[in-house]
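Reading the structure
The chain contents come next:
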Amino acid sequence: MSVTSKRPLLSRRSIIAAAHGLALAAGFGNRAAAQSSADELPDAASLFQHGAPTDPPALAFKSEAGKALTLADYRGHVLVVNLWATWCGPCGEELPGLDALAARIKPFGGLVLPISIDIDGAAAVKPFFASRKIRHLPVLLDPDGNDLDALDTDGIPDTLVIDPQGRQVARLDGAAAWDTPAVLAFLRGLAPAPDLPVGPTQA
C-alpha cells in the first residue's frame, strides 16, 4: 500500500460537494476511511515532502475579526499552515494534534495557522473548536476557498511548513499526527534567529 493510500485525504470533488451542502457521505471515501482514529494517524515528520526552500503559495485569509492577512504578516515565525474544514473528517482527526503542537512550539516562535474553508466562516469554526476543546489555535478563515487554488491542491487537509524567512520548506497532503517528538524536533530546528523581525503571534 502506498503512503498516499494510508493517509486520509478529502478529494477536490468531495470538497465541492460538501461546500454546496450535498451528501457528506460521498466526502469520506476509501482514503478517508483508511484511518478510523487519530491514534492511527502516521507521524507527520515521516511524510513531509521536502525540497529546497521556496516561496510559498500566495495564501490570503481573514482573522475572526475580519482582518485581511497573508503569510507575510507572520514573517519571523516558524509556521505550520493547515487548510481544513469542519465537515472534513480527516481534518477533524488531526486537529487535536495540531492544537497540542501549537502549545509546544510557541516558546521558540512557532505558530499553527489553521485556515478554514467553511462557507459559514467563524459561525462554523468556533463551535467546532469548542466541542473539541481546541484552545491554542486561532480562528482563520477563507470561506471563498480561494486558497485551494493557491495551493493547487487535490484535497484537504493540506499543510505547509514555513520557515522564519517566509520560505516553504515542507508540505504534507493528507491527515497526520502532528504532536510527535520528530515533528517538534524538525520545527525547533527552524527556530528564528534572535535578530529576525517577528510578526504578530495572533490574528
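Along each chain, the written sequence defines residue order, and numbers are assigned to residues from 1. In keeping with the predicted nature of the model, local features appear solely for residues at pLDDT of at least 70, side-chain atom pairs appear and are counted solely at 80 or more, and the whole-chain, interface and lining totals rest on all residues. By convention in this description, side-chain values take in all heavy atoms of the structure and omit both hydrogens and water.

1. Re the nonpolar core
By nonpolar core is meant a set of buried Ala, Val, Leu, Ile, Met, Phe, Trp, Tyr and Cys residues that side-chain atoms within 4.5 Å join together. Per-residue accessibility, obtained with a 1.4 Å probe over protein chains only, is compared with the maximum for each type, and a residue is labelled buried under 20%, exposed over 50%, and partly exposed between these values. Ranked by internal contacts, the top residues of the largest apolar core, which has 53 residues, are F61, V81, L113, F129, I156, W178 and L187. In this description, contact between two residues means that some pair of their heavy atoms is separated by no more than 4.5 Å. Here F61 is in contact with K67, A68, L69, T70, L71, Y74, L113, I115, L140, L141 and D147, once residues within four sequence places are set aside.

2. Digging into unusual backbone geometry
Trans peptide bonds make up the majority, and among non-glycine residues the majority have a negative phi. Residue P157 is bonded to the preceding I156 through a cis peptide linkage, with omega at 0 degrees. Counting from the N terminus, the helices are DSSP H or I runs at least four residues long and the strands are E runs at least two residues long. Mapped onto the fold, P157 is located in the loop between β8 (155-156) and β9 (158-162). Its identity is not glycine, yet D152 carries a phi of approximately 50 degrees, on the positive side.

3. Observations concerning the environment of A100
Note on placement: A100 falls in helix α4 (residues 89-105). In this structure A100 comes out as partly exposed when scored by relative accessible area, which is 25%. Residues A100 and H136, spaced 36 residues apart in sequence, show a C-alpha to C-alpha distance of 7.4 Å.

4. Re the state of the cysteines
Cysteine sulfur atoms are paired as a disulfide whenever they come within 2.5 Å of each other. A complete count under the given rule lists one disulfide for this structure. Note that C88 is cross-linked by a disulfide to C91, the S-S spacing being 2.3 Å. Where C88 bonds to C91 through sulfur, the torsion about that S-S bond is close to 80 degrees, and the disulfide is right-handed. The exposure class assigned to C88 is buried, which follows from its relative accessible area of 1%. Taking relative accessible area as the criterion, C91 reaches 1% and is therefore assigned buried.

5. Topic: the pattern of salt bridges
By definition here, a salt bridge exists when the distance from a side-chain nitrogen of Lys or Arg to a carboxyl oxygen of Asp or Glu is within 4 Å. Here the structure, examined in full by the defined rule, presents five salt bridges. Note that R171 and D173 form a salt bridge whose closest N and O atoms lie 3.1 Å from each other. Given the relative accessible area of 22%, D173 is considered partly exposed. One connected set of salt bridges, linked through shared partners, spans D158, R171 and D173.

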